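Examining the three-dimensional arrangement
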Amino acid sequence: MKNILVIGSTGQIGSELTTALRKQYGGNHVVAGYIPGAEPKGELAEGGPSAIADVTNGAQLADIVQRYDIDAIYNLAALLSVVAEQKPQLAWRIGIDGLWNVLEVAREHQCAVFTPSSIGSFGPNTPHELTPQDTIQRPKTIYGVSKVCTELLSDYYFTKYGVDTRSVRFPGLISYVTPPGGGTTDYAVDIFYAAVRGEKFLCPIAKGTRMDMMYMPDGLRAAMELMEANPDKLIHRNGFNVTAMSFPPEKIYAEIRKRCPDFKMEYQVDPLKQAIAESWPDSLDDTAAREEWGWRPEFGLATMTRDMLEKLTEKLKG
Ligand code: SER
């Protein structure tokens, strides 16, 4: 990868991935793509070039790819699961019509493409415990439907046209930098804001409901390492199960209380979020990622919690 375009560079993943990519490949080699109203600021704006890159506008994407001689695209534009249920048509336009634009530009200009999939690509009749790499994917949300379609369309472009498409199925990503907007796993981020602010946390997910999670530094590494992996070793492409930890709300609450003993949590279950959470795996089997490109998470629940509390305390002070 010489020159990279990040579509959605100011979002939950993009805001950190763009900076990480610039560290690795050089600031001038990574274009921060954004939509009007979500302009890059601070380090993101100053660390390298930026351009309006609306995923629904194929001609605009083609222009950027030519202008900056792009050979790899991180396509991070998406609506998360809960907000997508409120705007299914928009979720499809961004997730699938947008992906089509990206893949077409990639085909014409020989770019590699990374488009995240998700634990949301699984559904109620997927085996929930140690969910295999290759298994039933019949999701009930529009988010999940678009992610399954993302995987299939990306594989199709690889098989038919040789476009170097790769992807991981991200679990809930936990970070202190950019908050997620409208996902089912958001509670695992929100709980830290409540703890650090000394507020009681109202948990929208019921006791005992486990979901896979990952600390953002591991998520960024997963995306970057997969794109650098030797293609000869890849049996799968779109997308790999990856995970770092799996827990129910009471377990992360207990972990936070080890450091914030006065912190209080009560359940106020949100029926939509709960239904979505119950349809997703309890724990993923990520053996294929480990074997095919050497995936290994660095953070578990205890190490992630310690780092989150330290960094968020620092951030909310400033
Ligand atoms: N974090 C996403 C969501 O909750 C799942 O990939 O929608």
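Here's a quick rundown of the structure. (Residues numbered from 1 in each chain as written. Predicted model: local features only at pLDDT ≥ 70, side-chain atom pairs only at ≥ 80, totals over all residues. Heavy atoms only, no water.)

Looking at the site of the ligand
To keep it simple, the criterion reads: Summary of the distance rule: residues count as near a molecule or strand when at least one heavy atom falls within 4 Å of that molecule or strand. We define a polar contact as two N or O atoms separated by no more than 3.5 Å, with the added condition that, inside protein, one atom must be a possible hydrogen donor and the other a possible acceptor, whereas residues neighbouring each other in sequence contribute only through side-chain atom pairs. To measure how exposed things are, a 1.4 Å probe is used in the Shrake-Rupley method; for residues, cover is taken only from the protein chains shown.
The ligand sits among Leu 80, Ser 81, Ser 118, Tyr 143, Phe 170, Gly 183, Thr 184, Thr 185 and Trp 280. Taking Ser 81, its side chain carries an N or O atom lying 2.6 Å from an oxygen atom of the ligand. Here an oxygen atom of the ligand and a side-chain polar atom of Ser 118 are 2.7 Å apart. The fraction of the free accessible surface of the ligand (240 Å²) that becomes covered by protein chains is 95%.

Brief notes about the sheet that holds strand β12 (residues 240-241)
For the record, the criterion: In this analysis, strands are considered paired if DSSP registers two or more bridges between them. Strands are runs of DSSP state E lasting at least two residues, helices are runs of H or I lasting at least four, and both sets are numbered from the N terminus onward.
If you walk across this open sheet you meet the three strands as β6-β8-β12, and the pairing is parallel. Only two strands of the sheet have a single partner each, and these edge strands are β6 (117-118) and β12. Where β6 lies against strand β8 (residues 168-170), two bridges are found, and the strand directions are parallel. Counterpart to Ser 117 in the pairing with β8 is Arg 169.

Some words on the environment of Ala 195
For Ala 195, the position within the fold is in helix α7 (residues 187-197). Taking the C-alpha atoms as reference points, Ala 195 and Gly 182, separated by 13 residues in sequence, lie 20 Å from one another.

Description of the pairing of strand β4 (residues 72-75)
Stated precisely, the cut-off is as follows: Only protein chains enter the area calculation, which uses a 1.4 Å probe; residues under 20% of their type maximum are buried, those over 50% are exposed, and those in between are partly exposed.
The alternating pattern of β4 places Ala 72 and Tyr 74 on one face and Ile 73 and Asn 75 on the opposite face, and all of these are buried. In terms of strand pairing, strand β1 (residues 4-7) meets β4 through four bridges, oriented parallel. Opposite Ile 4, over in β4, you have Ala 72 as the bridge partner. The pairing of β4 with strand β5 (residues 112-114) spans three bridges and is parallel.

Here we look at the pattern of salt bridges
Basically, it comes down to this: Just to be clear on terms, a salt bridge is a Lys or Arg side-chain nitrogen sitting within 4 Å of an Asp or Glu carboxyl oxygen.
Per the stated rule, a full pass over the model turns up 16 salt bridges. The closest approach of N and O atoms between Asp 218 and Arg 221, which form a salt bridge, is 2.9 Å. Taken together, the residues span about one helical turn, with Asp 218 and Arg 221 both in helix α8 (residues 216-228) at a distance of three residues. A salt bridge links Asp 307 to Lys 311, with the shortest nitrogen-to-oxygen separation between them at 3.1 Å. Residue Asp 307 and its partner Lys 311 are located together in helix α12 (residues 301-317), separated by four residues, close to a single helical turn. Given the relative accessible area of 32%, Lys 311 is considered partly exposed.

Observations concerning the side chain of Asp 307
Of the residues examined, Asp 307 reaches a relative accessible area of 17% and is grouped as buried. Separated by 2.8 Å, the side chains of Asp 307 and Tyr 215 make a polar contact.

Some thoughts on the packing of aromatic side chains
In plain terms, the rule: Stacked, tilted and edge-to-face are the three classes applied to pairs of Phe, Tyr and Trp rings, where Trp contributes its six-membered ring and a pair requires centres within 6.5 Å; stacked means planes under 30 degrees apart, edge-to-face means over 60, and tilted covers the rest.
One pass over the full model with this rule turns up nine aromatic pairs. Seen from their ring centres, Tyr 253 and Phe 263 are 5.6 Å apart, and the 65° between their planes marks the pair as edge-to-face. Within this pair, whereas Tyr 253 is found in helix α9 (residues 249-257), its partner Phe 263 is found in the loop between α9 and β14 (265-267), the two being separated by 10 residues in sequence. The exposure class assigned to Tyr 253 is buried, which follows from its relative accessible area of 15%. With centroids separated by 6.1 Å and ring planes inclined at 40°, the aromatic side chains of Trp 293 and Trp 295 adopt a geometry described as tilted.

A word on the packing of helix α5 (residues 88-109) against helix α6 (residues 142-161)
Put simply, the rule is: All axes are obtained by fitting lines to C-alpha atoms, using only the stretch in contact for helices, and the reported angles, taken between N-to-C directions, cover 0 to 180 degrees. Any angle from 65 to 115 degrees is called roughly perpendicular, while one under 35 is roughly parallel, one over 145 is roughly antiparallel, and all others are oblique. The hand of a helix crossing depends on one turn: near helix anticlockwise from the far one by less than a right angle means left-handed, and clockwise means right-handed. Every residue pair with non-hydrogen atoms within 4.5 Å of one another is taken to be in contact. Ten residue types, Ala, Val, Leu, Ile, Met, Phe, Trp, Tyr, Cys and Pro, are classed as nonpolar, four, Asp, Glu, Lys and Arg, as charged, and the remainder, Gly among them, as polar.
The contact between α5 and α6 brings their axes to 10 Å, and the two run at 10°. One element, α5, and the other, α6, form an angle in the roughly parallel class. Considering the relative orientation of α5 and α6, their crossing is right-handed. Between α5 and α6, the residues in contact are Pro 88, Ala 91, Trp 92, Gly 95, Ile 96, Leu 99, Trp 100, Leu 103, Glu 104 and Arg 107 and Ile 142, Val 145, Ser 146, Cys 149, Thr 150, Leu 153, Ser 154, Tyr 157 and Tyr 161, respectively. By residue class, the composition of the contact of α5 with α6 is 13 nonpolar, four polar and two charged.

A look at α12
Applicable threshold: In a helix, the anticipated span is given by 1.5 Å times the number of residues less one.
Compared with the 24 Å implied by 1.5 Å per residue over 17 residues, the 24 Å span of α12 between its first and last C-alpha is a close match. The complete set of buried residues in α12 reads Leu 301, Met 304, Thr 305, Asp 307, Met 308, Leu 309 and Leu 312.

A few points about unusual backbone geometry
The linkage connecting Asn 238 with the following residue, Gly 239, adopts the cis geometry, with an omega of -10°. You can see Gly 239 is positioned in the loop between α8 and β12. At Gln 110, a position not held by glycine, the phi torsion is positive, near 50°. Structurally, the position occupied by Gln 110 is in the loop between α5 and β5.

Nothing here speaks to function; it is all geometry.
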